[in-house]
Amino acid sequence: PAMIRLTGVGKTYPDGTTAVHDLDLAVGAGELVVLVGPSGCGKSTTLKMINRLIEPTTGTIEIDGRDVMSQDPVALRREIGYVIQQVGLFPHQRVEANVMTVPLLLGESRATARERAHELMELVGLDVETYARRYPHQLSGGQRQRVGVARALAANPPVLLMDEPFGAVDPVVRVRLQDEFLRLQRELGKTVVMVTHDIDEAVRMGDRVAVFATGGRLAQLGTPAELLGR
Ligand code: ADP
Ligand code: ADP
């Protein structure tokens, strides 16, 4: 059964730009699907529609069998974690407080939220002793992305959407983050849709890869082995 199902999804912006055209895509529970393609081919628009940040012009999107447009946006936030390239951490809050935000919003006590934040930091490989009390500007790019992933996991959502999550980190760190993320994703069984323009990253990480072409059309969809003709 699909965890995420897009049926005939299209998006034309008010200025007439068609960003996504008639997209059908089903993502299984626990699967990692990568959307790859040149800049401007509709990858981010697709993610934002799954997240209900943008409303599709045509078609339907279901998460776990429920239409996202008919769901309460707050309930949807608990089901979907969202990681973007420039993680929007609160600059005047320590790492710990940044990760605590979600548990606090969900009604946890400060003590429980802090415990949860520490647990999440360990999960993404950030030593609590060293980093909990730091501010975002005292972290490297890779460490900031880890905080972003920790925060996205805070509500324990079954689904993670990631838009160029490793785009801002240098190539060596990127490969390490990719590997660690894959391990984490398998361990936690998350369903993931990830956007990248980096074909190597797509092939390395995707259970399946959806290749977009200009005009927001799905050009190819398959496992890395299928796409590489192996
Ligand atoms: P990608 O993530 O693949 O780079 P996007 O989904 O960001 O692509 O953009 C797809 C197309 O939609 C591009 O032509 C882009 O210029 C256009 N676009 C994105 N956002 C808007 C918007 N708010 N209004 C009009 N056009 C937009
Ligand atoms: P990475 O290779 O992970 O991107 P960097 O080379 O950016 O790491 O940083 C190396 C180390 O220096 C990291 O442990 C990081 O926490 C630390 N660091 C980077 N910037 C600062 C800062 N402004 N204040 C304190 N520590 C910092």
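Residues numbered from 1 in each chain as written. Chains lettered and ligands numbered in written order. Predicted model: local features only at pLDDT ≥ 70, side-chain atom pairs only at ≥ 80, totals over all residues. Heavy atoms only, no water.

1. Quick word on the site of ligand 2
- If you check the shell around ligand 2, you find Y131, R134, H137, Q138, S140, Q143, D170 and V173 and nothing else.
- At 2.7 Å, a side-chain N or O of Q143 approaches an oxygen atom of ligand 2.
- Here ligand 2, which alone exposes 550 Å², has 47% of that area covered by the protein. (Near = heavy atom within 4 Å. Polar contact = N/O pair within 3.5 Å; in protein donor to acceptor, adjacent residues only side chain to side chain. Areas by Shrake-Rupley, 256 points an atom, 1.4 Å probe, with all protein chains shown as cover.)

2. Topic: the layout of surface pockets
- Roughly 560 Å³ of volume is contained in the largest pocket.
- Along the walls of the largest pocket sit 21 residues, with R77, Y82, V102, R151 and A152 positioned nearest its centre.
- Taken together, the elements giving at least two residues each to the lining of the largest pocket come down to α2 (73-79), β6 (80-84), α3 (95-105) and α6 (141-153).
- Broken down by element, the residue count for the lining of the largest pocket peaks at five residues, all from β6.
- Looking at the lining of the largest pocket residue by residue, the class counts come to 13 nonpolar, five polar and three charged. (1 Å grid on protein atoms, 1.4 Å probe; cavity = no way out; pocket = protein on both sides within 12 Å on 5 of 7 lines; lining within 4 Å. Points joined across faces, edges and corners; volume = space filled by probe spheres on them. Helix = DSSP H or I, 4+ residues; strand = E, 2+ residues; numbered from the N terminus. Nonpolar A, V, L, I, M, F, W, Y, C, P; charged D, E, K, R; others polar.)

3. A look at the confidence of the model for the protein
- Here the protein averages 93 in pLDDT, while 100% of its residues score no lower than 70.
- This prediction of the complex comes with two scores: 0.86 for pTM and 0.71 for ipTM. (pLDDT = per-residue confidence, 0-100.)

4. Quick notes on the sheet that holds β6
- Across the sheet, which stays open at both edges, the six strands sit in the order β6-β7-β8-β3-β9-β10 with mixed pairing between neighbours. The open sheet is flanked by β6 and β10 (217-222), the only strands paired with a single partner. Taken pair by pair, the neighbouring strands of this sheet meet at an average axis angle of 15 degrees, ignoring direction.
- As paired elements, β6 and strand β7 (residues 159-163) share five bridges and run parallel to each other. The partner of G81 across the bridge, within β7, is L160. (Pairing = 2+ DSSP bridges. Axes fitted to C-alpha atoms, helices over the stretch in contact; angles between N-to-C directions.)

5. Digging into the sheet that holds strand β1 (residues 2-12)
- Read across the open sheet, the four strands follow the order β2-β1-β4-β5; overall the sheet is antiparallel. Pairing within the sheet leaves two strands with one partner each, and these edge strands are β2 (18-28) and β5 (66-67).
- Contacts from helix α1 (residues 43-50) reach β1, β2 and β4 (58-63) within the one sheet, and its direction differs from that of β1 by about 120 degrees. (Contact = heavy atoms within 4.5 Å.)

6. Details of unusual backbone geometry
- Although it is not a glycine, D22 sits at a positive phi angle of roughly 45 degrees.
- Within the element layout of this structure, D22 appears in strand β2.
- In this model, N156 sits at a positive phi of 55 degrees, which is unusual for a non-glycine residue.
- Exposure remark for N156: the relative accessible area of 52% places this residue in the exposed category. (Buried < 20%, exposed > 50% of the residue type's maximum accessible area, 1.4 Å probe, protein only.)

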